[in-house]
Every structure is written in structure tokens, then in C-alpha cells.
Amino acid sequence: MPGLSGRLEAPTLVALAASAIRKKILAGELQPGERLLEEPLTAELDVSRAPLREALRILESEGLVVTRPRRGSFVATLTDEDVYEIMTLRSALERMAFELGLPVKDAALLEPARAALEEMVRCAQEQDRGALVLAGYAFHSALIRIAKHRRLEEIYASLQQQLLVCMSRNLVVRERFYEDLDEHVARHRRLLELVEAGDADAALAELAVHGEHSFRHVTPLEENRA
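The following refers to the structure shown. (Residues numbered from 1 in each chain as written. Predicted model: local features only at pLDDT ≥ 70, side-chain atom pairs only at ≥ 80, totals over all residues. Heavy atoms only, no water.)

### Things to note about the overall build of the protein
Turning to step 1, where the next piece is worked out: Looking only at helices and strands, the protein features twelve helices and two strands.
Turning to step 2, where the next piece is worked out: Secondary structure elements in the protein, listed N-terminal to C-terminal, are α-α-α-β-β-α-α-α-α-α-α-α-α-α.
Turning to step 3, where the next piece is worked out: Counting across all 226 residues of the protein, residues that qualify as buried make up 42%.
Turning to step 4, where the next piece is worked out: Of the roughly 11800 Å² of accessible surface on the protein, a fraction of 53% belongs to carbon and sulfur atoms. (Helix = DSSP H or I, 4+ residues; strand = E, 2+ residues; numbered from the N terminus. Buried < 20%, exposed > 50% of the residue type's maximum accessible area, 1.4 Å probe, protein only. Areas by Shrake-Rupley, 256 points an atom, 1.4 Å probe, with all protein chains shown as cover.)

The following block contains the structure:
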């Protein structure tokens, strides 16, 4: 049944291509502003131009790629001001979730965070930085849900792709200067342990190193804003 096979295969190729490029962007293998050349990508991903272009359209809708008329597709960039606004907003939302949700009354609410942490462990062991960023977002998103506040969850989810780009840059720079992947995961494990213990003050203090304070400490952002 070639017709049916064709209908099933094309979306699969598109999804695989989008996933592969997304991971490369989040792992820092494709740099902000870098042009995404079709010929090398089709060869590397073993796809034709049609599914590749559709994959790039998906990534553009996610905010990870920008396409410029007659110039092609590029990895999206964020200015220092963009990063500052995104990360300070993220910190405010996460603090609100902790203030509303701690101590956690329903232990089942923490199961998604535990699962995300285990995925982070796997990604760190396999040196899969792109997947590690995705798992890190899932971890923080799961902790937002301890507040049981629908609008808070929706606002946080609306920032997903921008947060992924920021978290990707954060991971690359932290690893370059003073934190390996195992230490990155251990930092998240400490945060979860404090949340599980219901220690709101200690959890909020630990949370600060996951937000804009951590990011600004290891990037030129502070220097540029000085």
C-alpha cells in the first residue's frame, strides 16, 4: 500500500528532522545566528529537502529558527535584554509556585519532577546535552505544578521555547567554566530534595541559583548591562 506508506513516512521524517535539529540547537552545536544550510543538513539527516524545510518551519513556529526572505533559515538569537527579561520572569513565576505550593500536600504532584530528574541523569550519562535541556525544562515545569494554579502553569508554558534557548545557553557556559553535567544534575536533585522536605525558605534559596542569578553570573550579561 504505497499511498498509505507515503502518508505515514513523510510526517515521521519531518518529526525526526525537527527533533535532530532542535537537539543540536539546544546542545549548542548550532550557534545563535548560524545559517542552516540545506545541503549539509539533508546529507547529515539523510532526508530530502521537502521534509527538511517542513522541519525548519516547525522550529520557526517554536521560536528556535528564523527564516529571512531570500537569505534562508538561521538559528534564533536572543539579546542580553531578552535573556534578562525571560530569566527574571521565570524566577518570579517559580518563586510564586514555591510560595503557593510548599509544603506539598499531595506527594503524587512530585512524580513528574522525579521522572524528569531521572531523564536528566540518563542524558548526562550519555552526554546528550540537547535532551538534557529538554528534561531540565520538564523538571522545572513539573515543579510549577505544585502550586495547582492553572493560569500560572499556562503563563510558564507560554515561555517554553524562549526558556529552552536561555537554558541551553546557560548549560553551555556553565559547563565551559565550572560545572560538568553530573554537577548540573546534582544541583537539580538538591532542589527537589528541599521541595520534598517541604522547607520553603531553603527551597527558595536553592531556586535562586537556577534562575537569572545563575545565568548572569556565568555570562557577559552583567558586564553588558553595567
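### Describing the pairing of strand β2 (residues 72-75)
Turning to step 1, where the next piece is worked out: Pairing analysis gives four bridges linking strand β1 (residues 65-68) to β2, with the strands arranged antiparallel. Bridged to R68 within β2 is G72.
Turning to step 2, where the next piece is worked out: A loop of three residues connects β1 with β2, the two strands running antiparallel in sequence, and R70 in this loop sits at a positive phi of about 65°. (Pairing = 2+ DSSP bridges.)

### What to know about unusual backbone geometry
Turning to step 1, where the next piece is worked out: Residues L102 and P103 are joined by a peptide bond in cis, for which omega reads -5°.
Turning to step 2, where the next piece is worked out: Take P103: it is sitting in the loop between α4 (80-101) and α5 (111-125).
Turning to step 3, where the next piece is worked out: Its identity as a non-glycine residue notwithstanding, R70 has a phi of 65°, on the positive side.
Turning to step 4, where the next piece is worked out: Secondary-structure assignment places R70 in the loop between β1 and β2.
Turning to step 5, where the next piece is worked out: Even without glycine at this site, K148 takes up a positive phi of about 55°.

### Overview of the layout of surface pockets
Turning to step 1, where the next piece is worked out: Approximately 180 Å³ is the volume attributed to the second largest pocket.
Turning to step 2, where the next piece is worked out: The wall of the second largest pocket is formed by R35, L36, L37, E38, R53, L56, R57, E60, T67, G72 and S73.
Turning to step 3, where the next piece is worked out: Broken down by secondary-structure element, the contributors of at least two residues to the lining of the second largest pocket are α3 (49-61) and β2.
Turning to step 4, where the next piece is worked out: Residue contributions to the lining of the second largest pocket peak at four residues, all from α3. (1 Å grid on protein atoms, 1.4 Å probe; cavity = no way out; pocket = protein on both sides within 12 Å on 5 of 7 lines; lining within 4 Å. Points joined across faces, edges and corners; volume = space filled by probe spheres on them.)

### A word on empty space enclosed by the protein
Which parts of space are left empty comes out when a probe the size of a water molecule is rolled across the atoms.
Turning to step 1, where the next piece is worked out: In this structure the tally under the stated criterion is one cavity of 30 Å³ or more.
Turning to step 2, where the next piece is worked out: Size it by volume and the largest cavity reaches roughly 120 Å³.
Turning to step 3, where the next piece is worked out: M167, N170, H184, R187 and H188 are the residues nearest the centre of the largest cavity, which is lined by twelve residues in total.
Turning to step 4, where the next piece is worked out: Elements supplying a minimum of two residues to the lining of the largest cavity: α6 (129-144), α8 (160-177) and α9 (181-197).

### Some remarks on the packing of aromatic side chains
Turning to step 1, where the next piece is worked out: Under the defined criterion, the tally for this structure stands at one aromatic pair.
Turning to step 2, where the next piece is worked out: Judged by centre distance (5.9 Å) and plane angle (20°), the rings of Y137 and Y156 are stacked. Residue Y137 is found in helix α6, and its partner Y156 is found in helix α7 (residues 150-158); the two are separated by 19 residues along the sequence.
Turning to step 3, where the next piece is worked out: Assessed through its relative accessible area of 7%, Y137 is described here as buried.
Turning to step 4, where the next piece is worked out: Its relative accessible area of 1% is what places Y156 among the buried residues.
Turning to step 5, where the next piece is worked out: The positively charged end of R68 is found above the aromatic ring belonging to F74, 4.5 Å away from the centroid. (Phe/Tyr/Trp six-rings, centres within 6.5 Å; stacked < 30°, edge-to-face > 60°. Lys NZ or Arg CZ within 6 Å of the ring centre and 35° of its normal.)

### Observations regarding the pattern of salt bridges
Turning to step 1, where the next piece is worked out: Evaluation of the coordinates by the stated rule reveals 18 salt bridges.
Turning to step 2, where the next piece is worked out: For K23, the salt bridge is made with D128, and the minimal N-O distance between the two is 3.5 Å. Here the residue K23 occupies a position in helix α1 (residues 2-26), and D128 occupies one in the loop between α5 and α6, the gap between them amounting to 105 residues.
Turning to step 3, where the next piece is worked out: E119 is paired through a salt bridge with R122; the nearest N and O atoms lie 2.6 Å apart. Of this pair, E119 and R122 both sit in helix α5, three residues apart, which is roughly one turn of the helix.
Turning to step 4, where the next piece is worked out: A residue is classified by how much of its surface remains accessible, and R122, at 30% relative accessible area, is partly exposed.
Turning to step 5, where the next piece is worked out: Each of K24, E29 and E44 takes part in salt bridges that share partners, so that together they form one network. (Salt bridge = Lys/Arg side-chain N within 4 Å of Asp/Glu carboxyl O.)

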